[in-house]
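# Survey of secondary and tertiary structure
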Amino acid sequence: MNTSPLITVGSLNETKINAVRSVYSEAFHIIGKPVEVTISGQPMSDQETRQGAIERARACSDVGNWGIGLEGGIMLVDGTLYLCSWGALADESRVYTASGARLALPDGFLVPLREGKELKDIMDDYTSRSGVSHQEGAVGVFTNGMISRTSMFSHIVQLLEGQRQYFSHK
């Protein structure tokens, strides 16, 4: 039986789980877990994306264990479509939230998104590949590999953990 502190990530997506693993030492036991959320399959606003991260974190936290939710979505700002990402960490006392980088997406993505297609499927079509969201993600494609989906989510997890450490000592 593993007695390490448990951190449960509200997803089975390896980029999200690896992002959490990149921030926490091997002293933590980190697992992924599928969870139900009330948001749409493709979050279409900053607020909906944040809500999804919070719901994922809360669904994974229980006494003595932390839950982390990471959510990618899209948002429209002044007619430009942006990728957005949010994270949440739920512990015994509170929920911490943080967001990541925003990146403009091609104009041609808006119509299929409004028609109900998810960004992960649009990216697979756009790149003529399969599983982009489990690899470098849209951020990796549109930064020419300079930023990966895992590194983007790792930054968010660092922001979450930094807040948790700061406020747990107050």
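For the structure itself, look to the data block above.
A brief report on the enclosed structure follows. The model shown is predicted, which means the values in this text are computed figures rather than measured ones.

### Points about the nonpolar core
Counting 17 residues, the largest nonpolar core has Ile7, Val20, Tyr24, Ile30, Ile68 and Leu70 as the members making the most contacts within it. The leading source of residues in this core is helix H6 (residues 149-168), at four residues. Not counting residues within four places of it along the chain, the set of residues in contact with Tyr24 comprises Ile7, Ile30, Trp66, Ile68, Leu89, Val157 and Glu161.

### Thoughts on the pairing of strand E5 (residues 95-99)
The alternating pattern of E5 places Tyr96 and Ala98 on a buried face and Val95, Thr97 and Ser99 on a face that is not buried. A loop of four residues connects strand E4 (residues 80-90) with E5, the two strands running antiparallel in sequence.

### Some thoughts on the environment of Gly69
As for its position among the elements, Gly69 is in strand E3 (residues 66-77). Between the C-alpha atom of Gly69 and that of Ala59, which follows or precedes it by ten residues, the distance is 8.7 Å.

### Thoughts on the packing of aromatic side chains
Two descriptors summarise a pair of aromatic rings, namely the distance from one centre to the other and the angle between the planes of the rings. Taken as a whole and judged by the stated rule, the model has eight aromatic pairs. The rings of Tyr24, Phe28 and Trp66 are connected pair by pair, giving a single aromatic cluster. Across the ring face of Trp86, the terminal group of Arg50 is positioned such that the distance to the ring centre comes to 5.7 Å. Between Arg94 and the ring centre of Phe167, over which it is positioned, the NZ or CZ distance is 4.6 Å.

### So, helix H4 (residues 119-127)
Turn by turn, an α-helix covers 3.6 residues, leaving residues three or four places apart pointing in a common direction. Here H4 has its buried residues at Leu119, Ile122, Met123, Asp124 and Thr127. On its buried side, H4 packs onto E3, E4, helix H3 (110-114) and helix H5 (137-142). Backbone geometry just after H4 places Ser128 at a positive phi near 55°.

### Considering the pairing of strand E2 (residues 29-32)
As paired elements, strand E1 (residues 6-9) and E2 share four bridges and run parallel to each other. Bridge assignment links Val9 to a residue of E2, and that residue is Gly32.

### Quick look at the layout of surface pockets
When its volume is computed, the largest pocket comes out at roughly 590 Å³. Lining of the largest pocket is provided by 31 residues; of these, Lys16, Glu71, Glu118, Lys120 and Arg149 occupy positions nearest its centre. Within the residue set of the lining of the largest pocket, elements represented by two or more residues are E3, E4, H4, H5 and H6.

### Re the side chain of Glu161
Tracing the chain through its elements places Glu161 in helix H6. Using a relative accessible area of 8% as the deciding quantity, one classes Glu161 as buried. The residues contacting Glu161, other than those within four sequence positions of it, are Val23, Tyr24, Trp66 and Leu89.

### Some remarks on the environment of Ala98
Mapping Ala98 onto the fold places it in strand E5. In this structure Ala98 comes out as buried when scored by relative accessible area, which is 8%. Not counting residues up to four positions away in its chain, the partners in contact with Ala98 are Ser85, Trp86, Gly87, Ile156, Leu159, Leu160 and Gln163.

About the criteria used
- Residues numbered from 1 in each chain as written.
- Predicted model: local features only at pLDDT ≥ 70, side-chain atom pairs only at ≥ 80, totals over all residues.
- Heavy atoms only, no water.
- Core = buried A, V, L, I, M, F, W, Y, C linked by side-chain atoms within 4.5 Å.
- Buried < 20%, exposed > 50% of the residue type's maximum accessible area, 1.4 Å probe, protein only.
- Helix = DSSP H or I, 4+ residues; strand = E, 2+ residues; numbered from the N terminus.
- Contact = heavy atoms within 4.5 Å.
- Pairing = 2+ DSSP bridges.
- Phe/Tyr/Trp six-rings, centres within 6.5 Å; stacked < 30°, edge-to-face > 60°.
- Lys NZ or Arg CZ within 6 Å of the ring centre and 35° of its normal.
- 1 Å grid on protein atoms, 1.4 Å probe; cavity = no way out; pocket = protein on both sides within 12 Å on 5 of 7 lines; lining within 4 Å.
- Points joined across faces, edges and corners; volume = space filled by probe spheres on them.

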